[in-house]
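Results of the structural survey
Each chain, written out:
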Amino acid sequence: MDVFPIPNECSTGYSFIREEEKKRKLNQQELFSEDAGGLFDRLCDPHVLRLGFKSVRRNGGSPGIDGITIETYETDLEQELQILSAELKDWNYAPQPVRRVEIPKPGGKGVRLLGVPCVRDRVVQASIKALLEPLIDPTFSDSSYGFRPGRSQKQAVEKAKSIVQSGKEYVVDIDLSNFFDRVNHDKLIERLKICYLIDNRILRLIGLTLRSGVMVDGRVVATQKGTTQGSPLSPLLSNVVLDELDKELEKRDLKFCRFADDCNIFVGSAKAAERVMVSVSKFIEKKLKLVVNQEKSRTGKADAIKFLGMTIMAGLIVISSVSMNRANEKLKALIPRGTNRPMSVTMDNLNQWYRGWSGYYGMTEDKRQLHKIEAHARRRFRARIVYEHKRPRNLKRTLLRKGVSDRAVNAIINNSGIWATSKSYAMHNAFPNSYFLDDLGQYVFPVIET
């Protein structure tokens, strides 16, 4: 018996069931009929669950509400997987509520709500994803880059650049308000059933996972909509939901790039951008049952719109001004003036952050932006040195001892504030770049000569 009855497409008005979707380059009927029927049986195989656990272990993460860590679960892995397999076969498996985690958003603009499922639930979800992804992912749009095998943010930004260079210089930047928290469960399940012919038993497990609830302040709160950010299955499900938007944009012959819920549409004029903003927003809210954040959504030329933290400016991929400002604010927090923390510890903390930050933003085609961040970090260190000397005469003695001339020292002593002094010739002479690079070990983004 079907767990989720298939609605009559004519009576429900599901616009994604269109004739053109039946003419995809992949013959879905053949693709899914060969594999989908046995997905649940394969999921119950301990070998498949073991592969799911390996994925969970590779991604790491903290324990769920039961407090069981990945390491603890692994100590008796084979028995745990056998129990999990038996529970799935007998339909005794029930996912536990996720543990709520609040992550501050950049710039202090609220928090992002994440959920941490228990390890055993992550194993099931990772296994389901491993079985579904090879079937579903090939049907996604070529303009979708988020959370897909072999695709990345850099590829998405490079595609955006190529579209802008083709003449589509105006961007429609639509911001979805709390997308992951607003996904309609019934619509998602029905799309999986109708478009992908997924085994009803798998659909039932996905439905149980979506509605497993969340633990907040010691009590379980029901989840009647949304997908858990932080769960292994959530990225794939979010792409299933937003693939309907992709197909609509393709039907309208619009050029776009999407990475998860971050979508930019490119058009040739300001008037067209405004028109597309209105019509696509209407589609998202009426058909997808999602909410467009009108305050954050905007239209404009490509050099004024950021996409994944980058901007297309003068034909180049550059770090957006918003991202640069946030990086400078981060430096301010990492390198404070008044602290008892040793300089070497502060540098280690800086390097740890900057390796990750530059690893992503290193896609900029204007490497001077990276050099500015590195130089700004050194200036903050120099300002700290000035601050720690407390009195001008103490700083003067240090500078003279390091070989700075009386004239250069007297030019700043008593007449300049800490921040102005940090940029002076005297400070650069006494504490040159080599001091931070060689003595303190500052990490700088490697420049590859071409």
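The paragraphs below set out a description of the structure included in this document. The structure presented is a predicted model; accordingly, all values stated were derived computationally and were not measured.

Thoughts on the environment of Thr-209
Locating Thr-209 in the fold gives a position in helix α11 (residues 200-210). Since its relative accessible area comes to 13%, Thr-209 is described here as buried. Spatially, the C-alpha atoms of Thr-209 and Val-124 are 9.6 Å apart, while their sequence positions differ by 85 residues. If near-sequence neighbours (up to four positions away) are discounted, Thr-209 is found in contact with Pro-95 and Gln-125.

Details of the packing of aromatic side chains
Tallied over the entire structure, the rule returns 13 aromatic pairs. Where Phe-40 meets Trp-91, the ring centres are 5.1 Å apart and the plane angle is 5°; that geometry is what we call stacked. Linking Phe-40 in helix α3 (residues 39-43) with Trp-91 in the loop between α6 (77-90) and β1 (98-104), this pair joins segments that are 51 residues apart in sequence. Given a relative accessible area of 4%, Phe-40 falls into the buried group.

With respect to the sheet that holds strand β7 (residues 262-267)
Read across the sheet, four strands follow the order β6-β7-β3-β8 without closing on themselves; strand pairing throughout is antiparallel. Lying at the two open borders of the sheet, with one neighbouring strand each, are β6 (255-259) and β8 (298-301). In this sheet, adjacent strand axes meet at a mean angle of 20° when their direction is disregarded. In this sheet, β7 lies alongside strand β3 (residues 170-175) in antiparallel orientation, the contact comprising six bridges. Looking at β7, one finds that Asp-175 is bridged to Asp-262. Set on the sheet, helix α13 (residues 270-287) makes contact with β3, β7 and β8; between it and β3 the angle comes to about 25°.

Considerations on the pattern of salt bridges
Summed over the entire model, instances satisfying the criterion amount to 18 salt bridges. We note a salt bridge from Glu-388 to Arg-384, for which the minimum N-O separation is 2.8 Å. Within this pair, Glu-388 and its partner Arg-384 are both found in helix α16 (residues 368-388), separated by four residues, close to a single helical turn. Looking at Glu-388, the relative accessible area reads 37%, which means it is partly exposed. Classification of Arg-384 as buried rests on a relative accessible area of 3%. Residues participating in the shared-partner salt-bridge network are Lys-187, Arg-191, Asp-243, Glu-244 and Lys-247.

Topic: the packing of helix α4 (residues 46-59) against α6
Direction vectors running N to C along α4 and α6 enclose 120°, while the axes themselves pass 9 Å from each other. Taken together, the axes of α4 and α6 lie oblique to each other. Taken as a pair, α4 and α6 cross one another with a handedness that is right-handed. In this structure, α4 uses Pro-46, Leu-49, Arg-50 and Phe-53 to contact α6, whose residues at the interface are Leu-77, Glu-78, Leu-81, Gln-82, Leu-84, Ser-85 and Leu-88. Residue composition of the contact of α4 with α6, grouped by class: seven nonpolar, two polar and two charged.

Quick notes on the sheet that holds strand β5 (residues 219-221)
For sheets, the rule is that strands pair by backbone hydrogen bonds, running either parallel or antiparallel. Spatially, β2-β1-β4-β5 is the arrangement adopted by the four strands of the open sheet, whose pairing is mixed. Of all the strands in the sheet, the pair left with one neighbour each is β2 (111-116) and β5. Direction aside, neighbouring strands of the sheet carry axes that sit 45° apart on average. Bridging between β1 and strand β4 (residues 214-216) involves two bridges; their strand directions are parallel. Along β4, the bridge assignment pairs Val-98 with Val-214.

A few points about the nonpolar core
Side chains of a nonpolar character, in soluble globular proteins, are inclined to be buried together. Counting residues in each nonpolar core, the largest one holds 65 residues, and the members touching the most others are Leu-192, Ile-206 and Ile-265. With nine residues, the single largest contributor to this core is helix α7 (residues 119-136). In contact with Ile-206, other than residues within four places in its own chain, are Ile-128, Leu-132, Ile-189, Leu-192, Leu-233 and Leu-237. If you look at the next biggest cluster of nonpolar residues, it comprises 52 residues, including Ala-302, Met-324, Leu-399 and Phe-436.

Calculation notes
- Residues numbered from 1 in each chain as written.
- Predicted model: local features only at pLDDT ≥ 70, side-chain atom pairs only at ≥ 80, totals over all residues.
- Heavy atoms only, no water.
- Helix = DSSP H or I, 4+ residues; strand = E, 2+ residues; numbered from the N terminus.
- Buried < 20%, exposed > 50% of the residue type's maximum accessible area, 1.4 Å probe, protein only.
- Contact = heavy atoms within 4.5 Å.
- Phe/Tyr/Trp six-rings, centres within 6.5 Å; stacked < 30°, edge-to-face > 60°.
- Pairing = 2+ DSSP bridges.
- Axes fitted to C-alpha atoms, helices over the stretch in contact; angles between N-to-C directions.
- Salt bridge = Lys/Arg side-chain N within 4 Å of Asp/Glu carboxyl O.
- Parallel < 35°, antiparallel > 145°, perpendicular 65-115°, else oblique.
- Left-handed = near helix turned anticlockwise from the far one by under 90°.
- Nonpolar A, V, L, I, M, F, W, Y, C, P; charged D, E, K, R; others polar.
- Core = buried A, V, L, I, M, F, W, Y, C linked by side-chain atoms within 4.5 Å.

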